[in-house]
Amino acid sequence: MQDKRKILLIFGTRPEAIKMAPLVRELQADARFEAKVAVTAQHREMLDQVMECFGISADYDLNMMRHGQTLADITGRALTGLQAIIAEEKPDVVLVHGDTTTTFAGALAAFYEQTPVGHIEAGLRTGDKYAPYPEEINRRLTGVLTDYHFAPTETARQNLLAAGVPDANIYVTGNTVIDALLQTVASGCDLTGYVGGGVDWSKRILLLTCHRRENWGEPMRQIFGAVRRLADEFAGDLEIICPVHKNPLVREAAAEFLSDVPNVHLIEPLEYRPFSKLMSLSYLVVTDSGGMQEEAPALGKPVLVLREVTERPEAIAAGTAKLIGNEGESVYRGIKELLTDEAAYHAMAHAANPYGDGHAVERICDILARVL
Ligand code: UD1
Ligand code: UDP
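Calculation notes
- Numbering of residues begins from 1 in every chain and follows the order in which that chain's sequence is written.
- Written order decides the labels, with chains lettered from A and ligands numbered from 1.
- It should be noted that, the model being predicted, local features are given only for residues of pLDDT at least 70 and side-chain atom pairs only at 80 or more, the latter also being counted only at that level, while totals for whole chains, interfaces and linings use all residues.
- The basis for the side-chain values is all heavy atoms of the structure; hydrogens and waters are excluded.
- UniProt positions are given in the numbering used here, feature names are shortened, and annotations may be inferred rather than shown by experiment.
- Helix and strand definitions here come from DSSP, where helices need a minimum of 4 consecutive H or I residues and strands a minimum of 2 consecutive E residues; each element is numbered from the N-terminal end.
- In this treatment the radius of gyration is a C-alpha quantity, and the globule benchmark scales as 2.2 Å times the residue count to the 0.38 power.
- Remark: exposure states derive from per-residue accessible area (1.4 Å probe, protein chains only) relative to the maximum for the residue type, with buried under 20%, exposed over 50%, and partly exposed in between.
- Contact definition: two residues touch when any of their heavy atoms are within 4.5 Å.
- The accessible surface values rely on the Shrake-Rupley method and a 1.4 Å probe; as for residues, cover is taken only from the protein chains in view.
- All tallies of charge rest on Lys and Arg as positive and Asp and Glu as negative; His and the ends of each chain are not included.
- Where a charge sits is defined by one atom per residue type, namely NZ (Lys), CZ (Arg), CG (Asp) or CD (Glu).
- The nonpolar core is taken to be a set of buried Ala, Val, Leu, Ile, Met, Phe, Trp, Tyr and Cys residues, with the residues joined through side-chain atoms within 4.5 Å.
- Throughout, near means a residue has at least one heavy atom within 4 Å of the molecule or strand.
- Any pair of N or O atoms that falls within 3.5 Å is considered a polar contact. Within protein, one atom must be able to donate a hydrogen and the other to accept it, and sequence-neighbouring residues count only if both atoms are side-chain atoms.
- Residues were grouped as follows: Ala, Val, Leu, Ile, Met, Phe, Trp, Tyr, Cys and Pro as nonpolar; Asp, Glu, Lys and Arg as charged; and all remaining residues, including Gly, as polar.
- Definition used for salt bridges: Asp or Glu carboxyl oxygen within 4 Å of a side-chain nitrogen of Lys or Arg.
- Pairs of cysteine sulfur atoms within 2.5 Å are what we label disulfides.
- A pair of strands is considered paired only if DSSP assigns at least 2 bridges between the two.
- Helix axes are fitted to C-alpha atoms over the stretch in contact, other axes to C-alpha atoms as well, and angles between N-to-C directions run from 0 to 180 degrees.
- Relative orientations are named as follows: roughly parallel for angles under 35 degrees, roughly antiparallel for angles over 145 degrees, roughly perpendicular for angles from 65 to 115 degrees, and oblique for any other angle.
- The crossing is said to be left-handed when, going from far helix to near helix, the turn is anticlockwise and less than a right angle, and right-handed when the turn is clockwise.

The name recorded for the protein chain in an unreviewed UniProt entry is UDP-N-acetylglucosamine 2-epimerase (non-hydrolyzing), from Candidatus Avidehalobacter gallistercoris. Listed in UniProt under the heading Sequence similarities (unreviewed entry), the comment for the protein chain reads: "Belongs to the UDP-N-acetylglucosamine 2-epimerase family."

So, in structure tokens, the structure goes:
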């Protein structure tokens, strides 16, 4: 019988952890593999929430997060720390996920150790170097270092082919976020105690998140300003719930524009289980998040995207997502349309699952067992 294949999974931020957690669990339960986890902890509290929610733990924790950390700073520290772990563990493959700085540093560290790289959620592209920033380039650079490209969709596969990746190295698996979401929503959750007592649940719920680097500063002020206008205008009929990212820059902008509005609820980042429940109870999702563009359509929720371009065009093609940009007037108009035009709302409010069927993790495990 063949020895167990040794896998090292590397991640560091909330979205990577959510999307890697089902894979960690499956690999650790599968007798064909010995799977270990190294986290950079580029995020701290927001990462720990996810680890706890999915009941997974790290074999290595670089505990990297600092307030005010810069891109070069995270890249340098992650690279040095991860290379030492890979050198010690000598895995058959390193798995990284997505497009963060941890992703790129993990793939580069593996390359320096001449260890094969598997990239989960490979092949997403906007074609714009600075949007999302720095994620578009992190994903492209990771692609250059990757041996096994796990593309979530056919569009992602085509992007990889266009980048010169051999077809034989690309595997279309679906996105593991759908595995995570379906497992979590199915297990249910009571929101009491998470969202606070002030929300009138008989009103329409707008779920808002905003954190992207390209929205820091003036765009974020414009976005939150537009949300404030809408909160006032629709006060009789709308509750806005905004779990605020831990980044102090985001928190300052949210507090400045939204802290004293009675029907806007600024809350701490939610654990994944209550968060997915909240998504399922929402009337409308407004976000610049990558992952929520994948989750909201699966739950039948229209999603308005606070960006000019997206690397996730599938939900737009399916009619459940729409780009509304990050300028005050376009954000205001985009949200107002869905709050006032029932036909426009219902045209977007249908379940679509262009990102996966909830079985991505099984496919990835079977492929790893075959190729390693
Ligand atoms: C990072 C990723 C981004 C991803 C996002 C998900 C990069 C360059 N960016 O952006 O792709 O979409 O995570 O949220 O990899 N902080 C805390 N506690 C936490 C997490 C963050 O206090 O648990 C604060 C810290 O002050 C930290 C700051 O947020 O310095 C920014 O974190 P960082 O990981 O550098 O950037 P994000 O904007 O979170
Ligand atoms: N999320 C969460 N709690 C929150 C906000 C978001 O669990 O308070 C989840 C959300 O469901 C999605 C992921 O975090 O799976 C998105 O993370 P984020 O927006 O930070 O990063 P991105 O997807 O933009 O990279």
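Don't stop here, the text continues.
Participant: Can you lay out the overall build of the protein chain for me, pointing to particular residues and giving the numbers?
Facilitator: Counting its secondary structure elements, the protein chain contains 15 helices and 13 strands. Over its C-alpha trace the protein chain gives a radius of gyration of 20 Å, about what one expects of a compact globule, namely 21 Å for 372 residues. With respect to the principal axes defined by its C-alpha atoms, the protein chain has extents near 65 × 40 × 40 Å. For the protein chain, buried positions account for 58% of its 372 residues. At a minimum sequence separation of 6, the contacts of the protein chain that also span at least 24 residues come to 68%. Accessible surface for the protein chain amounts to roughly 14500 Å². Of this, 51% is attributable to carbon and sulfur atoms. Computed over 36 positive and 51 negative side-chain charges, the separation of the two mean positions in the protein chain equals 1 Å.

Participant: Would you mind going over the nonpolar core in detail, with residue names and values included?
Facilitator: Core analysis: the biggest nonpolar cluster contains 58 residues, and Ile 7, Leu 9, Phe 11, Leu 23, Leu 27, Leu 95 and Leu 368 have the highest contact counts within it. It is helix H1 (residues 14-29) that provides the largest number of residues to this core, a total of seven residues. By size, the runner-up hydrophobic cluster in this structure holds 36 residues, among which are Cys 210, Ala 253, Tyr 332 and Met 348.

Participant: Please provide a residue-by-residue account of the site of ligand 1, values included.
Facilitator: Taken together, 26 residues lie near ligand 1, and His 43, Glu 45, Arg 66, His 67 and Glu 135 sit nearest. Here Arg 212 contributes a side-chain N or O atom positioned 3.3 Å from an oxygen atom of ligand 1. His 245 places a polar side-chain atom, nitrogen or oxygen, 3.1 Å from an oxygen atom of ligand 1. Contact with the protein chains covers 97% of the free accessible surface of ligand 1, which is 750 Å². Contributions of two or more residues to the shell around ligand 1 are made by helix H2 (45-54) and helix H3 (71-89). In terms of residue class, the shell around ligand 1 is built from eight nonpolar, 11 polar and seven charged.

Participant: Describe the side chain of Glu 314, and please don't skip the residues or the numbers.
Facilitator: Mapped onto the fold, Glu 314 is located in helix H12 (residues 314-317). One buried charged residue, Glu 314, remains without a salt bridge, the closest side chain of opposite sign being Arg 312 at 6.9 Å. A polar atom in the side chain of Glu 314 sits 3.4 Å from the side chain of Tyr 355. Beyond its immediate stretch of four places on either side in the chain, Glu 314 contacts Thr 153, Thr 155, Pro 354 and Tyr 355.

Participant: Summarise the state of the cysteines; cite the residues concerned and give the values.
Facilitator: Each disulfide consists of one covalent bond between the sulfur atoms belonging to two cysteines. Counting across every chain of the model gives zero disulfides. Note on Cys 53: no disulfide assigned, nearest cysteine sulfur contributed by Cys 189 at a separation of 8.9 Å. Relative accessible area serves as the criterion here: at 16%, Cys 53 is assigned to the buried category. Under the relative-accessibility criterion, Cys 189 is labelled buried at 17%.

Participant: Outline the sheet that holds strand S13 (residues 321-323), listing residues and values.
Facilitator: Spatially, S10-S9-S8-S11-S12-S13 is the arrangement adopted by the six strands of the open sheet, whose pairing is parallel. Each of the sheet's edge strands pairs with one partner strand only, and the pair in question is strand S10 (264-267) and S13. In this sheet, neighbouring strand axes are inclined to one another by 20 degrees on average, regardless of whether the strands run parallel or antiparallel. Pairing analysis gives three bridges linking strand S11 (residues 284-287) to strand S12 (residues 303-305), with the strands arranged parallel. The residue of S12 that forms the bridge with Val 285 is Val 303. In the packing of helix H10 (residues 272-281) onto the sheet, the strands contacted are strand S8 (204-209) and strand S9 (238-243), and the crossing angle to S8 comes to about 130 degrees. On the sheet, helix H11 (residues 291-298) packs against S8, S11 and S12 and is oriented at approximately 160 degrees with respect to S12.

Participant: For the pattern of salt bridges, give the residues involved together with the corresponding values.
Facilitator: Opposite charge on two side chains permits them to pair, given that their charged atoms come into close proximity. Across all of its chains, the model carries 32 salt bridges by this definition. Among the salt bridges present, the one from Glu 294 reaches Lys 19, with a minimum N-O distance of 2.9 Å. You can see Glu 294 sitting in helix H11 and its partner Lys 19 sitting in helix H1, a full 275 residues away along the chain. For Lys 19, a relative accessible area of 4% corresponds to the buried category.

Participant: Help me get a handle on helix H5 (residues 135-145), residues and values and all.
Facilitator: Looking only at H5, the buried set comprises Glu 135, Glu 136, Asn 138, Arg 139, Thr 142, Gly 143 and Leu 145. Where H5 is buried, its residues contact strand S4 (93-97), helix H4 (101-112), strand S5 (117-120) and strand S6 (148-151).

Participant: Help me get a handle on the packing of H1 against helix H15 (residues 360-371), residues and values and all.
Facilitator: One can describe the packing of H1 onto H15 by two numbers: an axis separation of 9 Å at closest approach and a directional angle of 50 degrees. Put simply, H1 runs oblique to H15. In this structure, H1 meets H15 at a crossing whose hand is right-handed. Contact residues: H1 offers Pro 22, Leu 23, Glu 26 and Leu 27, while H15 offers Val 361, Glu 362, Ile 364, Cys 365 and Leu 368. By residue class, the composition of the contact of H1 with H15 is seven nonpolar, no polar and two charged.

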